[in-house]
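Results of the structural survey
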Amino acid sequence: MNLQIDSRKVKPGDIFFCIPGSSLDGHDFAEDAAKKGASIIVYQHDILFHQDGGTAYIKVEDTLAALNEAANSFFGFPSEKLKMFGVTGTNGKSSIAYLISEIYSKYAAPCSYMGTIGAKLGQDSNSEESNSSTEKRHNSYGVNLTTPGVLDIHRILSEMLHDGAEAASIEVSSHGLVQGRVDAIDFDYAIYTNLTPEHLDYFKDMDTYCDSKALFFKMLKPDAVAVINIDDNYGSRMIDACAGRVVTYGIDNDSNHTKDKVDYLATNIEYSFEGMEFDICYNEGEAKKSCHVKTNMHVTYNLYNLLAVAAVLHQAGLDINDVLSEFENVPSIPGRMDIIDEGQNFKVIVDYAHTDDSYNQLLRYVREEMPGVNRIITVFGAPGKRDKDNRKRYATWVGKYGDYSVLTQEDPRDEEPSEIAKEIASFFPDGYQYEFIEDRYDAIEAAIRMAEENDVVLVLGKGAENYQDRMNGKEFWMGDDVAARSILKTLIKL
C-alpha cells in the first residue's frame, strides 16, 4: 500500500488523496483512481463515485491537511526523530543549509541536507564514490525541487533517518510554504535570511511574498528557535509572526538597530582578495563575548550567511569556536560563489545569483572590494515566463559594474532564448559590449577563452543545477560549475 496524489501512479490497495491544485483538481481523477484499485479515496468536495469494487470513500474538511498527517504517520514521523533545521528567505538558503549540514555532522551528529543543490548526508561528498558525479555527490535521494512535495519530503527524511542521519537541514521555499508541503514537519530551528523581489509572477507583490515566508514562523512550536536577520527590511515581520523563541543576527552598519539589540553581531569588517575578516559579538549566558573570524568567503551576503550558521549552531549546542574555525577555509558550496581554479591567471566564479539583490551585491563587490581586478566578463541569461522585470534589473547592474557580457539561455521554457537576450540587451547602457551565444556551454567557453590576466569571469544564474527548463520540461545540463571546470582543464592542456 502507498499514498498517492497522482491517479496515474495508483496501484491496487493504494490510498488516493484528492488534492485541489492551481491547474488540476485531484477530485476530477477520483473515479480513475478507484478503477485502478485504490482501497480508499480521501476527498473534501463532491466527486464521482465508482460503484464497482471495494473502494472506501472518506470525506475530510481539508485533503491537504489529511495528506500531511497521513504522510507523517505512514513514514514513521521522521522529523520528530531528527533535529530539524529549516532555512527560508530569498537568498542564502542553500549556502546556509549546506554549511549547517557539514559542520553539525563534524561536531555533533550526522546531519543530512535537502534543497536546491539536491539531498545528501553531511560530509559524504568527500568519499571517492560520491565524488564520481555531481548527481551522486549532491542528490543521492532524488530531490528535484527546493522543497519537495508532501509525500517526497517525508519519504526522504525517513530514508535519511534509516541511513544514519540524526539531524536534517533543509531549505524551505515560499512555494513549499503556501502549498503546505512542510505543514507536518517538526522544526526545531528556523532561519530567516532576507526578502528581495522574486517569484512576483506568482505572489504579485512583496507583501504577499512576505506573508508566505511568515507562515514558516507561525507554525513553529513554542520551544523552537527562530534565527532572524534583523537588518532585513522584513525581519521584524518574521519576529512578529514567530511562535517560538527569537534570536537575531546582523552587521554593524547604518541600520536602525543598536549593538545591544543584536544577539550575533559582526563588527570591524574587512574585505580582501583572499576573503573577509570580522569580529563576531555574541552572548554566552550572561556574558558578552567576541571572537575574531577569518574566512575565504567573499561578499557581504556570505557574511550574513556565516552569521546565520554561527548563530543557529551555537543555539543548537555546538561550541561557537568550533563553528567559527570552520569558516576559515569553507569548502566550495556547489554553484554558490564557487571559485573554479585550475591554475589560470584570471578568476572564474560560478554563482547561483538569480535576483536583483544578488546581482547587485556580487557585481559591486567584485568591482569595488576585490583589489586588482581588470575586466569583469559576465555569462548570464534570464528565465522564460518568470519575473520578467529582473531582465532590466540584471542588465542595470551588469551594465554598471561589468565590461563585457555573453548572453545565453537560462531555463527559457517556451520563450525563445534569443528574444530574452534581446530584451536584456535593450536595457544595457549605450555602447555596452555583449554577444549572444545560445548554447550555454559554448557561451561559458567563449567568456573563458577571452579572459586575460586579472580578469574575472562571472557565470551567473544556474550554479550547480543539472537541468535546463525548456518548452517540453527539464532537460539535462551538467551544471555551470562542471562546465567551467571542464573548459578550464581543456584550455590549460593546450
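First, a word on what this report is: a plain description of the structure on this page.

Calculation notes
Residues numbered from 1 in each chain as written. Predicted model: local features only at pLDDT ≥ 70, side-chain atom pairs only at ≥ 80, totals over all residues. Heavy atoms only, no water. Helix = DSSP H or I, 4+ residues; strand = E, 2+ residues; numbered from the N terminus. Expected span 1.5 Å × (residues − 1). Buried < 20%, exposed > 50% of the residue type's maximum accessible area, 1.4 Å probe, protein only. Pairing = 2+ DSSP bridges. Contact = heavy atoms within 4.5 Å. Axes fitted to C-alpha atoms, helices over the stretch in contact; angles between N-to-C directions. Parallel < 35°, antiparallel > 145°, perpendicular 65-115°, else oblique. Left-handed = near helix turned anticlockwise from the far one by under 90°. Nonpolar A, V, L, I, M, F, W, Y, C, P; charged D, E, K, R; others polar.

Attention now goes to helix 6 (residues 150-162). Helix length check: helix 6, at 13 residues, gives a terminal C-alpha distance of 19 Å against a target of 18 Å (1.5 Å per residue), a fit within 8%. Along helix 6, the positions that sit buried rather than exposed are V150, L151, I153, H154, I156, L157 and M160. G164, located one to two residues past helix 6, shows a positive phi value of around 115°.

Topologically, E69 is positioned in helix 2 (residues 63-74). Along the primary structure E69 and V150 are separated by 81 residues, whereas in three dimensions their C-alpha atoms are 9.8 Å apart.

As a further point, take the sheet that holds strand 1 (residues 3-4). Here four strands make up an open sheet; going across it, the order is 1-2-3-4 and the pairing parallel. Two strands close off the open sheet at either side, each with one partner strand: strand 1 and strand 4 (56-59). The pairing of strand 2 (residues 15-17) with strand 3 (residues 40-43) spans three bridges and is classified as parallel. Its bridge partner lying in strand 3, F16 is registered against I41. Each of strand 1, strand 2 and strand 3 touches helix 2; the most contacted strand, strand 2, lies at about 145° to it.

It is worth spelling out unusual backbone geometry at this point. Positive phi outside glycine occurs at F77, with the angle close to 50°. Assignment of secondary structure puts F77 in the loop between helix 2 and helix 3 (78-81). For F77, a relative accessible area of 34% gives the class partly exposed. Not every positive phi belongs to a glycine, and R413 is a case in point at roughly 55°. Mapping R413 onto the fold places it in the loop between strand 18 (404-407) and helix 15 (417-425).

All right, on to the packing of helix 16 (residues 440-450) against helix 17 (residues 480-493) then. Two elements in contact, helix 16 and helix 17, have axes separated by 10 Å at closest approach and are oriented at 50°. By the angle between their directions, the pair helix 16 and helix 17 is classed as oblique. Considering the relative orientation of helix 16 and helix 17, their crossing is right-handed. Residues R440, Y441, I444, E445, I448 and R449 of helix 16 form the contact with helix 17, whose own contacting residues are D480, A483, A484, S486, I487, L488 and L491. Classifying every residue of the contact of helix 16 with helix 17 gives eight nonpolar, one polar and four charged.

Everything listed is a geometric property; what it means functionally is a separate question.
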